[in-house]
Amino acid sequence: MRKADRIYVAGHRGMVGSAVCRALERGGYGNVVTRTHAELDLLDPAAVRAFYAAERPDVAVIAAARVGGIGANSAANARFLYENELIALNTVWGAAEAGVRRLLFLGSTCIYPRLAPQPIPESALLTSALEKTNEGYALAKISGLKLCEFLRRERGLCYHSLMPTNLYGPGDSYDLVGGHVLPTMIRKFEEARQRGDASVPLWGTGTPLREFLHVDDLAEACLFVLNLADPPDLLNVGSGEEVSIRDLAEKVRAATGCLATIDWDATKPDGTPRKLCDTSRIRALGWAPRISLDEGLRRTVACYRAECAAETVRLGR
Ligand code: GDP
């Protein structure tokens, strides 16, 4: 990727897209193209084609998606499949038709089978059944990464994909019902502390294992792979730091200074039992994360408080 390249970041207002834009700016890439949802509907193939024809980007980073935690996904697999499938097909196919030279497609490690070997290698893709709670999202992301792979084989386009583990950081959604576990915990503990609640309700049994990556580390990984001459079709990206939901809750409670006890609601889903990705491929190429979970949590609690004070925080429900 060249400094003067015209780079389209799809989803620049989301947590991932905004982190990619910050990293591009830090890296001296000054020719970034963005469109808000109101300006460009990525579900509309004709609108996406017209956008690419008018803007002619050299590079595209596809960070646009409907995303959510286990609550949002399991309640709306149909919508997660439909919208993410259209976003993936329109942005990737549209780029190829317009001659975009290079494209990075972002997904998530939930594309891998529910009972994949751990840590999950890229080769586990499509080897057995998916986790039901986010099957719609996973199928759409698998379509997107496969489309990139086919276009690379058939047309020689350098289109490739990055699958990050669970992400967190500035600009996250703090929706109590539809959000991901880490930001939701921050909000729950912070509000309990402010109200002086005796207990905080959390979902499931606390036994599932998850890995968390700060979104600024992911953004650096995006720039890193975009600067590889011949990257693999598919690369995992994660911190390698695994934590149980129970231990995560203790860390978040400590980071917020909340004294409430935890009330586990086992009627809520646990989701996939373990989700640690094998990052040996990207590490062998020279990338490594820089932000530990403890440091990232400290920064993110501070960021949440600042976003609340500025009234820019995405609270949802
Ligand atoms: P996942 O990693 O794709 O399953 O999605 P999430 O980021 O929503 O994490 C879900 C895991 O966190 C499950 O094991 C949930 O049972 C657990 N969890 C505990 N409390 C909460 C909560 O308040 N919200 C969410 N989303 N998950 C929670």
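Bear in mind that the values here come from a model prediction, so they are computed numbers and not experimental data. (Residues numbered from 1 in each chain as written. Predicted model: local features only at pLDDT ≥ 70, side-chain atom pairs only at ≥ 80, totals over all residues. Heavy atoms only, no water.)

Caption draft 1: How the structure looks around the pairing of strand E1 (residues 7–10). Side chains Ile7 and Val9 of E1 all project onto a buried face; the interleaved residues Tyr8 and Ala10 project onto the opposite face, where all are buried too. Two strands pair when backbone bridges link them, and E1 and strand E2 (residues 32–33) are joined in this way by two bridges, in the parallel orientation. Bridge pairing in E2 links Tyr8 to Val33. Remark: the E1/helix H1 (residues 15–26)/E2 crossover connection has right-handed handedness. Alignment of E1 against strand E3 (residues 59–62), held across four bridges, turns out to be parallel. When the sheet's bridge partners are listed, Ile7 is paired in E3 with Val59. (Buried < 20%, exposed > 50% of the residue type's maximum accessible area, 1.4 Å probe, protein only. Helix = DSSP H or I, 4+ residues; strand = E, 2+ residues; numbered from the N terminus. Pairing = 2+ DSSP bridges. Right-handed = clockwise from strand over helix to strand, strands pointing away.)

Caption draft 2: Expanded view of unusual backbone geometry. In this structure, Pro119 follows Gln118 across a cis peptide bond, with omega equal to -10°. Looking at the secondary structure, you find Pro119 in the loop between strand E4 (102–106) and helix H5 (135–155). Backbone geometry places Leu126, a non-glycine residue, at a positive phi of 60°. A positive phi angle is found at Glu311, which is not glycine, with a value near 60°. Turning to its location among the elements, Glu311 is positioned in the segment after helix H10 (293–309). The class for Glu311 is exposed, based on a relative accessible area of 72%.

Caption draft 3: A look at the sheet that holds E1. As summarised here, the arrangement of the six strands in space is E2-E1-E3-E4-E5-E9, forming an open sheet in which the pairing is parallel. This sheet does not close on itself; its edge strands, each paired only once, are E2 and strand E9 (234–237). This element, helix H4 (residues 77–97), spans E3, E4 and strand E5 (158–164) of the sheet and lies at about 170° to E4. (Contact = heavy atoms within 4.5 Å. Axes fitted to C-alpha atoms, helices over the stretch in contact; angles between N-to-C directions.)

As far as function goes, none of this settles anything; it's purely spatial.
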